[in-house]
Amino acid sequence: MDDSKLFVFLLCLFAQFCISFSASDQVNSFQSVPDLEKSMYMAIDGYPCVRLLNLSGEIGCSNPGRANIVAPVTRFKTANKLAEPSALLVSIDQFEDLFARLSDDADFSRHVVGVLVESGSQLPNGLKGFSPDKKFPQAEFAPYQSGKFEWNPTGSGLMWRAYNFPVFLLSNSSTLALQEIALRNEKREKSYTVDVADFDLVMQTTKSGTRDSETCLREQTCLPLGGYSVWSALPPIVVSSSKKVKPMILTVASMDAASFFRDKSVGADSPISGLISLLAVVDALSRVDGLGDLDKQLVFAVFTGEAWGYLGSRRFLLELDQHSDAVSGLDLALIETVLEIGSVGKGFAQDDKTFFAHSTKESATNGTLSALKDALGSLKTKSIKISRASKSNPGLPPSSLMSFLKKNPETSGVVLEDFDATFTNKFYHSHLDDLSANINSSAIVAAASVVARSLYILASDKKEINNSVLNTININASLVKELLGCLLSCEPGLSCELVNRYIAPSASCPSHYVGVVLGEPSSQPYPGNVGDVPRFLWNFLADKTAIPSKNTSSACPKGCSGNGEMCVKAETDGKGVCVISSTRYVPAYSTRLKYESETWEVLPHNSSDTMGAADPVWTESNWDTIRLRVYTVQDTRFDSWILLLGVTVTVLSYIIIVISKAFITKALKRD
């Protein structure tokens, strides 16, 4: 009897302990499944390399199949051997070494299932340059045969290859977290846990097996690269006006950059320094009286998609051929000369502070070069120089002017750059071409000053110009600095006062990746289908080049129905202002694509499109989500021990139950 009472007492004590433990556990339990997830997984901020396609295949990065990739995080070391599939953590100065080894060492590459690239606020010591583009970017579009010339000596060409594993550039904070994790994994020899990276970079084109642009567009698993270029005229061109149409001087710049990592395409020097210079030129000339009395019409264009086969400039020329609404008021035959503002942000990197004028033909561009030198002379400075580019160069550097020259070999044009024979920008088309290390605002102001005054000289058509007039054309250096902060940094980024004066941006951090074409291309697109930067440029140029509308009482935008009228700043307060301007959007996408019945179709090559044969027709794969996270898992050996222990406990429990049952039965019978 005493034994049975003792047994019952122990059972009650155990039950009370279980209830107490359960209550304690309830107090500390998670409130929801997301809470549990947050405790288990660490979300990692980063910038992915994504899958792009063309008519002949793929480039970029993707998980190899439909499933996530999970692998332990390991630091890359030049001499290490991998015993298991791993996600390699690599510094930017080892990036090219890693990918070279992946190409040369098949056994090593089989074990690399993901790459995590470190970032930092400062460049690593000894990093002389990093450019994943080719040594001659887009050589296939050049109007001359010198494909082996090296405009970009630091170019590796890595961004033009296909990788069947995910690659992420980490944010600064995530870099620190992953460095700690990799170090922890290195010390785990006797540990039963390991920290792994979970890559969710599954591309729709990979899932569906659509491996080129034509197939994926047909199956609707991708979208064409492209967006919207913007052009404007100063003063506005009134289409129905009885005034005689003037010859035109076209000034151009680019707004899109490229990078190995999709959303980290900054392009501070190449091409955004040129874009900011153009905007400063428009601002300066907009304050000059009497532009309408000059002999020539000033036109400004900012192209997008130039990093991907000169999509913007080529489509612009096609729209001119077709006399579409997007270029109403313009005539290709009236464009007398083209002046392109290229990379000018490093013009003061050299001691002599020299800008270089790359021209099409010496005889055809003498007037432009003369105007540039006259403009420089009016600035009365001896520290800045304008030099003609070396005659040993094979021709124009990679630029939008190539499209015009391919269209018409007799085109008169000049590209103003901060280099002569090779890029001064050692980080061309990389995420390192940023505001912190790569440009000088004074150089941009100087380039804009020369261009603004030279345009006035050209528009005056060789008439004697009083220096007092040129001296009124001055660049607003504060505007240049403000634009640098708005377009090239996250603080303030697109949340800056200048941008918010015109639009309501969707994000603070600007990205100059071209993006994809959403919906049907149009000269009057739905604002949601246009990126933040093109929308800002459209409003800024429309505002600066406009003349006030007489229709001040009408509601905007519905009341802006007069000839040449449009509504600017409508996003900021829902009201906007009616002005008269010639500012237009021009769709930018491959000239070999046609949008019809809500689908894209690849057109056969047209012999009249001189650059169409080289057009790769770039597209970007669709995806559901892109995610990177890390978490801790147990070693498989430990799992085996746990299984064995579980089986042992189960067997022992069964034996104890049988013995206990026999003991209790015997005790009850005794009573």
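Note: the structure precedes this text.
Note that this is a predicted model, so its numbers are computed, not measured.

1. A few points about the overall build of the chain
Here is step 1 of the chain: In terms of helices and strands, the chain carries 19 helices and 26 strands.
Here is step 2 of the chain: Residues counted as buried form 51% of the 671 residues belonging to the chain.
Here is step 3 of the chain: Pairs at least 24 apart in sequence give 79% of the contacts found in the chain among residues at least 6 apart.
Here is step 4 of the chain: Accessible area of the chain: about 31,300 Å², with a carbon and sulfur share of 53%.

2. What to know about helix α5 (residues 172-186)
Here is step 1 of the chain: Its 15 residues place the ends of α5 22 Å apart at the C-alpha level, agreeing with the 21 Å of an ideal helix rising 1.5 Å per residue.
Here is step 2 of the chain: For α5, every residue scored as buried is listed here: S174, T175, A177, L178, I181, A182 and N185. Projected down its long axis, α5 shows its buried positions confined to an angular sector of 165 degrees, all on one face. Every exposed residue of α5 that faces more than 90 degrees away from the buried side is listed here: L176 and E180.

3. Re the sheet that holds strand β25 (residues 619-621)
Here is step 1 of the chain: If you trace the five strands from one edge of the open sheet to the other, you get β8-β4-β3-β25-β11, paired in mixed fashion. With partners counted over all chains shown, the strands left at the sheet margins are β8 (162-163) and β11 (222-224), one partner each.
Here is step 2 of the chain: Relative to β25, strand β3 (residues 51-54) runs antiparallel, the two being bridged by two bridges. Paired with L53 across the two strands is T619, which belongs to β25.

4. A look at the packing of helix α13 (residues 441-459) against helix α15 (residues 477-488)
Here is step 1 of the chain: Running from N to C, α13 and α15 cross one another at 125 degrees; their axes reach a closest spacing of 10 Å. Here α13 is positioned oblique relative to α15, judged by the angle of their axes. Here α13 and α15 pass one another in a crossing that is right-handed. Between α13 and α15, the residues in contact are S441, I444 and V445 and A477, V480, K481 and L484, respectively.
Here is step 2 of the chain: A breakdown of the residues in the contact of α13 with α15 according to their chemical character gives five nonpolar, one polar and one charged.

Conventions we followed
- Residues numbered from 1 in each chain as written.
- Predicted model: local features only at pLDDT ≥ 70, side-chain atom pairs only at ≥ 80, totals over all residues.
- Heavy atoms only, no water.
- Helix = DSSP H or I, 4+ residues; strand = E, 2+ residues; numbered from the N terminus.
- Buried < 20%, exposed > 50% of the residue type's maximum accessible area, 1.4 Å probe, protein only.
- Contact = heavy atoms within 4.5 Å.
- Areas by Shrake-Rupley, 256 points an atom, 1.4 Å probe, with all protein chains shown as cover.
- Expected span 1.5 Å × (residues − 1).
- Arc of directions from axis to C-beta.
- Pairing = 2+ DSSP bridges.
- Axes fitted to C-alpha atoms, helices over the stretch in contact; angles between N-to-C directions.
- Parallel < 35°, antiparallel > 145°, perpendicular 65-115°, else oblique.
- Left-handed = near helix turned anticlockwise from the far one by under 90°.
- Nonpolar A, V, L, I, M, F, W, Y, C, P; charged D, E, K, R; others polar.

These figures capture arrangement, not role.
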